[in-house]
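# Coordinate inspection notes
The primary structure of each chain is shown beneath.
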Amino acid sequence: DTVWENIPYTPQLGVDYQEVFLKIIPDNPVLGDTFNLRYEGFLYVRLWMSNSTLKAKGTKNLNDRGLLLLDKFKRGSNHINSNVECIIEETPSFNTEGVEGDRFKGLFVAKFFTNLL
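From a predicted model like this one, the values you see are computed outputs, not experimental measurements. Residues take numbers from 1 onward in each chain, read along the sequence in its written order. Local features in a predicted model are, by the rule used here, given only for residues with pLDDT of at least 70; side-chain atom pairs are given and counted only at 80 or more, and totals for whole chains, interfaces and linings are based on all residues. Working from all heavy atoms in the structure, the side-chain values ignore hydrogens and water.

## A short note on the overall build of the chain
Segments assigned H or I by DSSP are reported as helices when at least four residues long, segments assigned E as strands when at least two residues long, and all are numbered from the N terminus. The secondary structure content of the chain amounts to one helix and seven strands. The order of helices and strands in the chain, counted from the N terminus, is β-β-β-α-β-β-β-β. Burial status follows relative accessibility: with a 1.4 Å probe on protein chains alone, a residue under 20% of its type maximum counts as buried, one over 50% as exposed, and anything between as partly exposed. Counting every position in the chain, which comprises 117 residues, the buried fraction comes to 29%. Per-residue accessibility takes into account occlusion by the displayed protein chains alone, with areas from the Shrake-Rupley method and a 1.4 Å probe. Accessible area for the chain stands at about 7700 Å²; split by element, carbon and sulfur atoms hold 52% of it.

## So, the nonpolar core
Residues grouped as a nonpolar core are buried Ala, Val, Leu, Ile, Met, Phe, Trp, Tyr and Cys residues, joined through side-chain atoms within 4.5 Å. Within the largest apolar cluster, 15 residues are counted, with the highest numbers of intra-cluster contacts made by Leu43, Val45, Leu47, Leu62, Leu69, Phe73 and Phe108. Broken down by secondary-structure element, the contributors of at least two residues to this core are β3 (38-50), α1 (55-72), β5 (84-88) and β7 (103-114). Only heavy atoms matter for contacts: two residues are in contact if any of them lie within 4.5 Å across the pair. Apart from residues no more than four positions distant in its own chain, Leu62 is found in contact with Leu47, Met49, Phe94, Thr96, Phe104, Lys105 and Gly106.

## Examining the pairing of strand β6 (residues 93-100)
When β6 meets β7, the two strands line up antiparallel, connected through six bridges. Counted as the bridge partner of Asn95 is Leu107 from β7. What makes two strands pair is DSSP finding at least two bridges between them. Connecting β6 to the antiparallel partner β7 that follows it, the hairpin turn spans two residues, and Gly101 within it adopts a positive phi of roughly 60°.

## As for the layout of surface pockets
Of the volumes computed, that of the largest pocket is approximately 630 Å³. The wall of the largest pocket is formed by 21 residues, among which Trp4, Val20, Leu22, Leu43 and Phe73 lie closest to the centre. Listed by contribution, the elements that provide at least two residues to the lining of the largest pocket are β2 (17-27), β3, α1, β4 (78-81) and β5. For the lining of the largest pocket, the element with the highest residue contribution is β2, accounting for five residues. By the convention adopted, Pro, Cys, Tyr, Trp, Phe, Met, Ile, Leu, Val and Ala count as nonpolar, Lys, Arg, Asp and Glu as charged, and the other residues, Gly among them, as polar. For the lining of the largest pocket, the class distribution of residues is 15 nonpolar, three polar and three charged. A pocket, in this scheme, is an open set of points on a 1 Å grid over the protein atoms alone with protein on both sides within 12 Å along at least 5 of 7 lines, while a cavity is a set where a 1.4 Å probe fits but cannot get out; residues line either one if an atom lies within 4 Å of a point. Grid points are joined across faces, edges and corners, and a volume is the space filled by probe spheres set on the points.

## A few points about the packing of aromatic side chains
Stacked, tilted and edge-to-face are the three classes applied to pairs of Phe, Tyr and Trp rings, where Trp contributes its six-membered ring and a pair requires centres within 6.5 Å; stacked means planes under 30 degrees apart, edge-to-face means over 60, and tilted covers the rest. Applying the stated criterion to the full structure yields four aromatic pairs. Summarising the aromatic geometry, the rings of Phe73 and Phe108 are spaced 5.8 Å apart at their centres and angled 50° between planes, so their arrangement reads as tilted. Here Phe73, found in the loop between α1 and β4, pairs with Phe108, found in strand β7; they are 35 residues apart in sequence, far enough to count as distant. Using a relative accessible area of 0% as the deciding quantity, one classes Phe108 as buried.

## Comments concerning the side chain of Thr114
With respect to the element layout, Thr114 can be found in strand β7. Here the side chain of Thr114 touches Glu85 through a polar contact of 2.6 Å, landing on its backbone oxygen. Polar contact criterion, stated in full: a pair of N or O atoms within 3.5 Å, where within protein one must be able to donate a hydrogen and the other to accept it, and residues adjacent in sequence count only if both atoms are side-chain atoms.

## Topic: the environment of Thr91
Positionally, Thr91 belongs in the loop between β5 and β6. Here Thr91 falls in the exposed class, since its relative accessible area comes to 59%. For the pair formed by Thr91 and Lys111, sequence separation is 20 residues and the distance between their alpha carbons is 7.9 Å.

So this is what it looks like as structure tokens:
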């Protein structure tokens, strides 16, 4: 399951999910109306992997998903949706964060920029 920012979600027992958040930061927002602003931001994906079966399976699922995100959002990659292009500016990071309740958790962070917002 994917949980989007500010959308209510109730975790289901034994179901892995990810929470997706965007933080947008305008750069030089006072240069005038004719200047295309550069927007920078961060994509955060918090992974929640079930620990209801075998511990080794939960940590493997967490790491596999983290590697998939790292591969999809490599530094320099561009992602286009509805004519808005975002370019990954730096090598993303992924860190496991241990156990919370019945889940293993990890955090993926990618820094991007765009001037098409």
